[in-house]
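Here is how the chains run, residue by residue.
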Amino acid sequence: QVQLVESGGGLVQPGGSLRLSCVASGSIFSAMGWYRQVPGKERELVALIRSGGRTNYADSVKGRFTISRDNAKNTVYLQMNSLKPEDTAVYYCNVATDWGTEIGSWGRGTQVTVSS
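Not measured: the values here are computed from a predicted model. (Residues numbered from 1 in each chain as written. Predicted model: local features only at pLDDT ≥ 70, side-chain atom pairs only at ≥ 80, totals over all residues. Heavy atoms only, no water.)

*Asks:* Hey, could you run me through unusual backbone geometry in this one?
*Replies:* With a phi close to 55°, asparagine 74 is a non-glycine residue in the positive phi region. Residue placement: asparagine 74 occurs in the loop between strand S7 (65–70) and strand S8 (75–80). The phi dihedral of serine 82 is positive, around 50°, even though this residue is not glycine. Within the secondary structure, serine 82 sits in the loop between S8 and strand S9 (89–96). (Helix = DSSP H or I, 4+ residues; strand = E, 2+ residues; numbered from the N terminus.)

This is the structure we're talking about:
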């Protein structure tokens with residue numbers, strides 16, 4: 001099974017930007033998703049990119065986040081701009097169906113904290 005390692009999180013002020021990376025241990029030919037979770041809440045899909053490049057975003061991040069993939073590097077990115085305190089969460093990536101349902105194992109995630 002493909003192993004996924006997320007990185008790029010950190011502490012950023014409101015309005016700032018971060019770029020998350022997700023490196024897979026092998027080639028990925030399916031859709032990939034970025035998800036996030038805060039304590040006490042269910043993990044939610046933030047952004048999805050299909051094998052052909054078509055993307056979908058949660059309404060809460062549309063216009064601010066951009067998902068992309070580099071198949072040659074087995075890497076998926078999440079560019080996050082205009083960050084808000086409510087974006088604070090642990091962010092995970094996973095292999096997904098074209099409808100956003102995760103089908104792989106979860107990694108450790110990367111913490112994103114938006115605070116002044």
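*Asks:* Would you explain the environment of valine 112 in this entry?
*Replies:* Assignment of secondary structure puts valine 112 in strand S10 (residues 110–114). A relative accessible area of 0% places valine 112 in the buried class. Taking the C-alpha atoms as reference points, valine 112 and lysine 84, 28 residues apart in sequence, are found 11 Å from one another. (Buried < 20%, exposed > 50% of the residue type's maximum accessible area, 1.4 Å probe, protein only.)

*Asks:* Looking at this structure, I do not really get the side chain of threonine 75. What am I missing?
*Replies:* Relative to the elements of secondary structure, threonine 75 occurs in strand S8. Excluding anything up to four places from it in sequence, threonine 75 contacts Ser21, Cys22, Val23, Ser68, Arg69 and Asp70. (Contact = heavy atoms within 4.5 Å.)

*Asks:* What am I meant to see in the sheet that holds S7 here?
*Replies:* The strands that make up a sheet pair up through hydrogen bonds in the backbone, lying either parallel or antiparallel. Pairing in this open sheet of 4 strands is antiparallel, and the strands run S1-S3-S8-S7 from one edge to the other. Every interior strand has two partners, whereas the edge strands, strand S1 (4–7) and S7, have only one. Strand-to-strand twist of the sheet, defined as the mean angle between neighbouring strand axes without regard to direction, takes the value 15°. By the bridge criterion, 6 bridges tie strand S3 (residues 18–24) to S8 in an arrangement that is antiparallel. Among the inter-strand pairings, leucine 20 is bridged to a residue of S8, identified as leucine 78. (Pairing = 2+ DSSP bridges. Axes fitted to C-alpha atoms, helices over the stretch in contact; angles between N-to-C directions.)

*Asks:* Which parts of the structure should I look at to understand the state of the cysteines?
*Replies:* In protein chemistry, a disulfide is the covalent bond that joins the sulfur atoms of two cysteines. Applying the stated criterion across every chain yields a total of 1 disulfide. The disulfide that involves cysteine 22 links it to cysteine 93, with 1.9 Å between the sulfurs. Handedness of the cysteine 22-cysteine 93 disulfide follows from its S-S torsion of about 65°: it is right-handed. Taken together, the positions of cysteine 22 in strand S3 and cysteine 93 in strand S9 put the pair 71 residues apart, joining distant regions of the chain. Pair check on accessibility: cysteine 22 and cysteine 93 agree, each one buried. (Disulfide = S-S within 2.5 Å.)

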